[in-house]
Amino acid sequence: MQRFVTDENRKWFTLGAVSVGLFMIMLDNTVVNVALPSIRSSLHMGIEGLEWVVAGYALTFAAFMLIGGKLADFLGRRLIFMIGLAVFTGASLACGFAPNGSFLVGARVVQGLGGALMNPATLSIITATFEPRERGKAIGIWAGVSALALAIGPLVGGLLTEHVNWNWIFFINVPIGVLGLFTAPVFIAETRDQSADQRLDVPGLATSAVGLFSLTFAFIEANKYGWGSWQILGAFAVAAIALVTFVLLERHQRAPMLDLSLFRNRTFGGANAAMLFVGLAMFGTFFYVSLYMQNVLHYSPVEAGASFLPMTILIILIAPRAGALTDRVGSRWLVGGGMTLLALMLLYYSQLGADESFWALLPGLLLGGIGMGMTMTPVTAAAMSAVAVDKAGVGSAVLNSARQVGGSLGIAVMGSIVASADSYLTGFHDALRVGALLCLAGAIVAVAAIRKIEHPQRASATVAAEGA
């Protein structure tokens, strides 16, 4: 094994090991949707229960992301990655054996917790492993794996549900998780923040978790209860109080969980704002384009999932190359150009009618594939280049939280637009035009704020490499 894994190539094996876990958690974001009718029939669940099968995972994933990043920096990135992977794998097994709807929802909540521990750790491990000159390329591969998992999720879910059983959308995670647990200690070196004053910020952990959970709950459930209902207004009030308290605590803590001075860096703030706009515009778009394919064009779940493959292939091809290009020219214009292409895609789809063929969908899919490939890797590289390696876990968690919270809000806003229209198609078109404006706003923010960082200063702490 020592001959096979050398000091020179070890970093690529590290990237492969974290990509295994990343693929699994990102696949679970989309693989479940097409199986919901079969789950409902099998477990005798109502519509509200099905909503929680999806929302329970999304809520805990978003709410505990920042905690996962801090724990990775504080206790060790490999350790937290493996704990999250074990939790996620065990919860997946429980989901597959769920005897009723309540048990399934509870297991999905635990899955979200495992994903929240794993996701920021994957990116912080990459940041700590690769030198700045290769980091963009590595993050490009990371982004490509993430995009691949998200894009093939509907197809995998449809195939398993139609030809095997819905349980297998969860069982499929188990061998992948076991493989990840086996490879992680072999290929990933442990790193952590060893600043002398480091300690666990319990008040910060608690208030951020409550605030993000309440905020995400309000965005996801607003269409169900109504924006003016006491449930949603109460959730927003709790979120506001908790998040304001969190900010005040972090400003005065000796060792805060989130160093608010990070946002003084123009590039870090701009990259996170751009990622928020990506989530706002694109999460709802993917959701409602999939419904458009199935409800309006009458595609089967498998056909709808397969239709996204041209976009998937382009993202896989472009994301690593965009990462390598980022190392040379920076992220600013790549992100701006990519988000402009996404806006054009949404404007194109806003003109489509009820009798379109796949060939009418294809130009938009191609624009989206190029735009996403140009955007996700450079914006991630920009954010991570602007933080010190010892804060990589928290930096990654902030970026991923921006995407998840933006996505939850985007689905809620687009859902409200669709629901308020006279017909689904009219609301769909209006929602896409709003999404296009959000993408253009993100492009402007990216060009105005993101700058190339040649050699980021990393003087705040040393990162200890403790062997495999």
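Remember, predicted model here, so these are calculated numbers, not experimental data. (Residues numbered from 1 in each chain as written. Predicted model: local features only at pLDDT ≥ 70, side-chain atom pairs only at ≥ 80, totals over all residues. Heavy atoms only, no water.)

Student: Would you take a moment to explain the overall build of the protein for this structure?
Tutor: Looking only at helices and strands, the protein has 18 helices and zero strands in total. By residue count, 58% of the 468 residues in the protein fall in the buried class. Sequence separation of 24 or more characterises 85% of the internal contacts of the protein that already satisfy a separation of 6 or more. Surface accessibility of the protein: about 18200 Å² in total, with carbon and sulfur atoms responsible for 67%. (Helix = DSSP H or I, 4+ residues; strand = E, 2+ residues; numbered from the N terminus. Buried < 20%, exposed > 50% of the residue type's maximum accessible area, 1.4 Å probe, protein only. Contact = heavy atoms within 4.5 Å. Areas by Shrake-Rupley, 256 points an atom, 1.4 Å probe, with all protein chains shown as cover.)

Student: Can you walk me through the side chain of His-429 in this structure?
Tutor: Relative to the assigned elements, His-429 resides in helix α18 (residues 424–449). Excluding residues that lie within four positions of it along the chain, His-429 makes contacts with Tyr-349, Ser-350, Gln-351 and Leu-352.

Student: For this particular structure, what's the right way to read the pattern of salt bridges?
Tutor: Pairs can form between side chains of opposite charge whenever their charged atoms are close. The final tally for this structure, using the stated rule, is one salt bridge. The partner of Arg-433 in a salt bridge is Asp-430, and the shortest N-O contact between them spans 3.1 Å. Pair noted here: Arg-433 and Asp-430 are both in helix α18, with a separation of three residues, about one helical turn. When its relative accessible area of 35% is taken as the criterion, Arg-433 is described as partly exposed. With relative accessibility at 33%, the residue Asp-430 sits in the partly exposed group. (Salt bridge = Lys/Arg side-chain N within 4 Å of Asp/Glu carboxyl O.)

Student: Please clarify how the packing of helix α15 (residues 332–349) against α18 should be interpreted in this entry.
Tutor: Two numbers describe a pair of packed helices, the interaxial angle and the distance between the axes. As a packed pair, α15 and α18 sit with axes 8 Å apart at the nearest point and diverge in direction by 170°. Overall, the two elements α15 and α18 adopt an arrangement that is roughly antiparallel. Facing α15, whose interface residues are Arg-332, Trp-333, Val-335, Gly-336, Met-339, Thr-340, Leu-342, Ala-343, Leu-346, Leu-347 and Tyr-349, α18 presents Phe-428, His-429, Leu-432, Gly-435, Ala-436, Cys-439, Leu-440, Gly-442, Ala-443, Ala-446 and Val-447. Residues of the contact of α15 with α18, tallied by class, amount to 16 nonpolar, five polar and one charged. (Axes fitted to C-alpha atoms, helices over the stretch in contact; angles between N-to-C directions. Parallel < 35°, antiparallel > 145°, perpendicular 65-115°, else oblique. Nonpolar A, V, L, I, M, F, W, Y, C, P; charged D, E, K, R; others polar.)

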